[in-house]
Amino acid sequence: MAMEWITAIDKRPCDRNLRDCELISCRLRRVEPLCRLPGSALQQLAMCGFYEDLEKGVTLFRAGEQGRYWYAVLGGQLEVRYHGAESKDSKLSVTLCNLGVGATFGESILHDLPRDSTVVTKTTCELLRVEQEDFRLIYEKNKELMNDIISNCKLKNGFGQSMQTTSMVHSGIHQQASPTKKQLSPDHPNPATPITEAPSPAMARMGWALRTLLVSDNTSCLKDRKVGGKFIRKCGPGTELVDWLMNLSPIVHTRPQAAGMWQALVEEGVLSHVAKEQPFKDKCFLYRFKVDEDGTAGSISSDDVSHANDHIREALPSLLHRGPDATLRMILRKPSHERTHEELELVYEELLHIAALSHLSTSIKRELASIIVFEAHAHAGTVLFNQGDEGRSWYILLKGSVDVVIHGKGTVATLKEGDDFGKLALINDAPRYTVMSGTPQKMLEHLLETRLSGQMGPNDPFLDDFLLTHIVFMPTPILIDELASHYHADEEIDLRTASEEDREYFMTCKRRVVHFIARWVNVVRHAVFDDPLAVEFIEDTATYVEAEPLLQEEASIIHNVLTQLSRYQDDRQMTASQKWKLPPNGQPICLFSGNTHSTKTVIRPDDDIIFRVYCADHTYCTLRFPMATNADIIKACAADKLQLCRNPEDLLLVEVKSNGERMVFKDNDVSIPTALSLNGRIFVSSKDHLDALTTLPEQELPTEALDMDFEALPTKDVAYHITLFDWDLFWAVHEYELLYHTFGRHHFNKITSNLDVFIRRFNEIQYWVVTEIVSTANLTKRMSLVKKFIKLAAFCKEFQNLNAFFAVVMGLSNMAVSRLTYTWDKLPSKFRKLFAEYEALIDPSRNHRAYRMSVGKLQPPVIPFMPLLLKDMTFAHEGNKTSLEGLVNFEKMHMMAQTMRTVRYCRSRHLVLDPPSPKNENEIRQYISCFRTIDNQRVLNAMSHKVEPRRS
């Protein structure tokens with residue numbers, strides 16, 4: 001790219017083509033403040049500008065000469081010199097200022113004034129030179145912006161209004177910036193300086209611990225050095241600091257990771273470049289701790305070293321997680337032209353996950369990567385801009401909050417993380433229109449009028465958002481009433497006397513309702529057909545449509561919907577007798593009777609399930625209820641069978657987990673048996689005896705499972721069958737279940753059993769990994785088992801079963817496994833490195849950025865990491881009100897629909913994998929359907945210490 005743009009600008013202006021101008025414009029757009037100019041002005045500069053590559057010491061012009069050119073600095077530095085009026089000796093000159101990248105000068109050509117100063121290159125320089133006539137044309141078309149650029153350049157170099165009489169770079173027009181007002185488009189901050197006034201306690205403590213270990217190590221790089229004739233105490237080169245940190249802990253795997261950790265200390269002022277000129281770089285630049293710079297460092301004792309080691313073990317992972325964010329902020333504080341290709345790519349990848357930019361095209365996001373900058377404001381009350389100011393910047397809030405204040409009204413809104421403001425109206429690809437909030441009825445009316453008449457854009461999600469989330473703000477019975485009212489809008493009108501225009505309007509209303517029904521069924525699928533009211537409405541509408549000769553096209557559409565309904569009802573009839581059981585010894589629920597040979601078996605609200613309910617003395621009764629039975633009925637029936645003579649209102653239905661934790665179910669909660677944790681049990685108890693409930697002895701034992709040697713099974717075959725099994729569970733989950741889970745299934749009286757089973761599967765695989773490893777006493781066999789699980793994770797990742805991949809890696813990261821030092825030391829380095837890569841992929845920092853980047857590149861079918869999707873739903877729900885002043889907050893609905901669409905996208909293609917050898921196929925299927933697990937962390941830790949006692 002660099003060579004292409006130089007080749008382009010080396011051509012004479014008359015020889016440049018459109019491609020040349022585009023390359024030159026892109027390069028100029030990376031220079032602050034030229035990036036503020038509109039695209040048309042940059043194109044003009046690209047068409048008429050000349051490229052100057054000058055050596056050090058070249059004089060561009062002298063004071064008193066008539067000007068012919070305007071200049072912009074693209075690289076290097078120049079000196080502006082002033083010669084006294086009475087001095088004839090060229091050596092007796094005063095350097096007024098230095099001009100760096102982004103500076104402009106020579107604007108005196110606008111008024112044919114002579115040069116007031118001499119400009120000489122201080123280093124090798126790259127300049128853009130524009131002839132007088134061309135510059136005048138560009139200036140006249142962009143006068144305000146050009147004046148702003150010229151004034152800011154003068155102010156930056158010390159030529160404010162108070163120095164107007166001695167200003168050596170005279171433009172003829174002066175524009176003063178208000179001293180109390182924040183600059184509209186601030187200069188790029190220095191990435192070598194801190195972003196906070198004082199380090200946070202956590203970072204100060206981490207800096208102390210690292211320095212303590214460095215100073216106590218006689219062979220470390222922190223030494224007294226003589227730099228530029230000055231004696232600098234306790235400083236070290238960046239390369240050696242990186243080496244030292246990588247040797248300090250095995251969790252630091254790469255040099256960029258280590259550099260990011262040091263930069264996290266630099267940006268809080270704990271560490272700094274000795275001359276305050278560089279952010280942290282893995283180079284020979286020297287850095288020192290603030291306490292050494294201030295001279296406040298005290299002596300170090302052996303106790304200090306011991307405490308520092310302890311703190312490093314506990315807190316270094318936190319610093320590791322800060323590193324990527326610190327690196328990103330450092331890049332965003334660098335001038336555009338200094339950002340490398342790799343850095344621009346990193347910024348671009350980060351922009352992909354900012355909701356405020358989701359509607360922009362890829363090319364625009366790449367352009368933003370080169371010009372977006374980072375600002376930090378440490379004090380509350382800082383004014384970013386005032387009402388009435390001309391907008392020049394667009395802000396995206398990464399952390400904290402911003403109040404929007406309007407004169408006479410006070411604070412009208414508070415913006416939070418992820419919000420944006422100050423957006424320019426000229427941004428490309430902006431949405432045509434967006435629904436922010438409204439009453440349910442008005443939103444439906446707007447949707448029918450604007451989204452079902454061929455007006456919908458290809459990327460407009462409003463209709464999809466409404467269909468996926470309407471159950472939150474407009475329950476199906478109300479939606480059906482509104483649609484029926486819209487369809488029968490002509491009910492009280494005599495169409496024979498109505499105008500042609502009125503008749504056409506009423507026909508259009510009917511068409512829109514039919515198209516809405518078709519889209520509804522297409523988006524929501526069987527959830528529509530499971531609702532008797534919806535089915536009745538569809539069948540009635542079909543009858544009306546068939547009777548209307550003008551709706552022939554709509555009749556075909558509604559017939560297609562009826563065909564889908566009939567097919568679904570036939571399938572439902574085949575599974576109508578499904579019965580499930582919850583085995584007593586911690587195994588997952590399984591079909592007891594019904595279509596036991598079918599794949600993708602969906603748990604339905606009217607399916608029966610058999611399960612046990614215990615009381616405080618561990619006696620139990622066995623119950624059989626439909627899955628949708630609420631807790632109130634279950635506790636009453638269980639109390640009756642267990643002869644607990646209490647009023648129903650005095651009773652509680654409780655889950656007792658294997659660790660003794662108790663979770664009370666709401667009386668109107670449903671799908672109770674599937675909501676249990678791995679080894680949980682259902683208890684009924686009086687309110688005053690809740691504390692008396694204890695775990696069953698078998699809850700601390702492994703769940704029952706098929707007795708097979710995992711090491712004897714081919715790893716890829718196991719991963720294959722796990723993926724098929726998990727895919728069937730994932731396929732059965734309806735998107736609505738995510739809403740039920742987030743808002744509370746009791747609010748909808750709807751089950752979440754399919755989602756419950758899929759979440760349980762994640763926990764089952766995770767604790768199976770831990771259980772198998774800590775149950776293996778032999779060191780060599782245990783190491784072999786860890787290696788096999790890493791292979792299993794690799795195959796799950798290859799099959800795009802990310803739910804199982806996360807479960808396996810998190811199992812290996814469990815404290816009961818990660819503490820097995822002898823086991824991990826014995827593991828071949830190849831597998832340690834592979835596992836380190838996998839740990840980095842599941843790293844939760846920056847909102848699981850590594851995982852989101854990875855999964856964003858995959859094509860379906862994918863089995864996603866479901867806990868993260870549920871976290872996104874919960875974050876959207878808890879961070880945003882559902883209604884605002886009586887209006888539905890549709891922005892919240894959009895955020896939730898985005899996550900639900902992710903589920904739909906992941907299974908938009910069928911799973912097709914090459915089957916492995918059929919050998920042991922049935923045994924492997926049985927083995928992977930029910931793993932042996934212990935989910936009590938206390939028990940797992942004890943087993944871990946038994947197989948590998950703590951080192952003395």
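Reference entry: report on the structure contained in this document. What you are looking at is a predicted structure, and each value in this text was computed from that prediction instead of being measured. (Residues numbered from 1 in each chain as written. Predicted model: local features only at pLDDT ≥ 70, side-chain atom pairs only at ≥ 80, totals over all residues. Heavy atoms only, no water.)

1. Focus: the sheet that holds strand β6 (residues 104–105)
Consideration 1: Pairing is antiparallel across the open sheet formed by four strands, whose spatial order is β1-β8-β3-β6. A strand with exactly one partner marks an edge of an open sheet, and here the two such strands are β1 (50–54) and β6.
Consideration 2: Pairing geometry for strand β3 (residues 69–75) and β6, over two bridges, is antiparallel. If you follow Y71 over to β6, its bridge partner there is F105.
Consideration 3: Helix α4 (residues 132–141) contacts β3 and β8 (125–131) of the sheet and is inclined by roughly 80° relative to β8. (Pairing = 2+ DSSP bridges. Helix = DSSP H or I, 4+ residues; strand = E, 2+ residues; numbered from the N terminus. Contact = heavy atoms within 4.5 Å. Axes fitted to C-alpha atoms, helices over the stretch in contact; angles between N-to-C directions.)

2. Digging into the environment of E375
Consideration 1: Considering the arrangement of structural elements, one finds E375 in the loop between α12 (362–371) and β13 (395–396).
Consideration 2: Residue class for E375 comes out partly exposed when judged on its relative accessible area of 26%.
Consideration 3: E375 sits 22 residues away from L397 along the chain, and the two C-alpha atoms are 9.9 Å apart.
Consideration 4: Engagement of the side chain of E375 in a polar contact is seen with the side chain of H377, the distance being 2.7 Å. (Buried < 20%, exposed > 50% of the residue type's maximum accessible area, 1.4 Å probe, protein only. Polar contact = N/O pair within 3.5 Å; in protein donor to acceptor, adjacent residues only side chain to side chain.)

3. Section: helix α8 (residues 255–266)
Consideration 1: An ideal rise of 1.5 Å per residue puts 16 Å on twelve residues; α8 measures up with 16 Å between its terminal C-alpha atoms.
Consideration 2: Among the twelve residues of α8, nine are classified as buried, and the element is accordingly described as predominantly covered.
Consideration 3: Along α8, the residues that are buried comprise A258, A259, G260, M261, W262, Q263, A264, L265 and V266. (Expected span 1.5 Å × (residues − 1).)

4. Points about the side chain of E267
Consideration 1: As for its position among the elements, E267 is in the loop between α8 and β11 (271–273).
Consideration 2: Those residues within four positions of E267 in sequence are excluded, and the remaining contacts are P194, I195, T196, A326 and R329.

5. Regarding the pairing of strand β9 (residues 223–227)
Consideration 1: When β9 meets strand β10 (residues 230–237), the two strands line up antiparallel, connected through four bridges. Bridging across to β10, K226 finds its partner in F231.
Consideration 2: Hairpin connection between β9 and β10: a loop of two residues separates the two successive antiparallel strands, and G228 in this loop has a positive phi of roughly 55°.

6. A closer look at the packing of aromatic side chains
Consideration 1: Summed over the entire model, instances satisfying the criterion amount to 38 aromatic pairs.
Consideration 2: Between F466 and F516, the ring centres sit 6.4 Å apart and the planes meet at 75°, which makes this aromatic pair edge-to-face. Separated by 50 residues along the polypeptide, F466 in helix α14 (residues 462–473) and F516 in helix α16 (residues 500–524) bring together distant segments of the chain. Here the two residues F466 and F516 agree in accessibility, since each one is buried.
Consideration 3: A centroid spacing of 6.2 Å and a plane angle of 80° characterise the contact between F805 and F806, whose relative ring orientation is edge-to-face.
Consideration 4: Relative accessible area serves as the criterion here: at 1%, F806 is assigned to the buried category.
Consideration 5: In this structure an aromatic cluster arises from ring pairing among F462, F466, F473, F516, W520 and F890.
Consideration 6: It is K788 that lies over the ring of F710; its NZ or CZ is 5.3 Å from the centre. (Phe/Tyr/Trp six-rings, centres within 6.5 Å; stacked < 30°, edge-to-face > 60°. Lys NZ or Arg CZ within 6 Å of the ring centre and 35° of its normal.)

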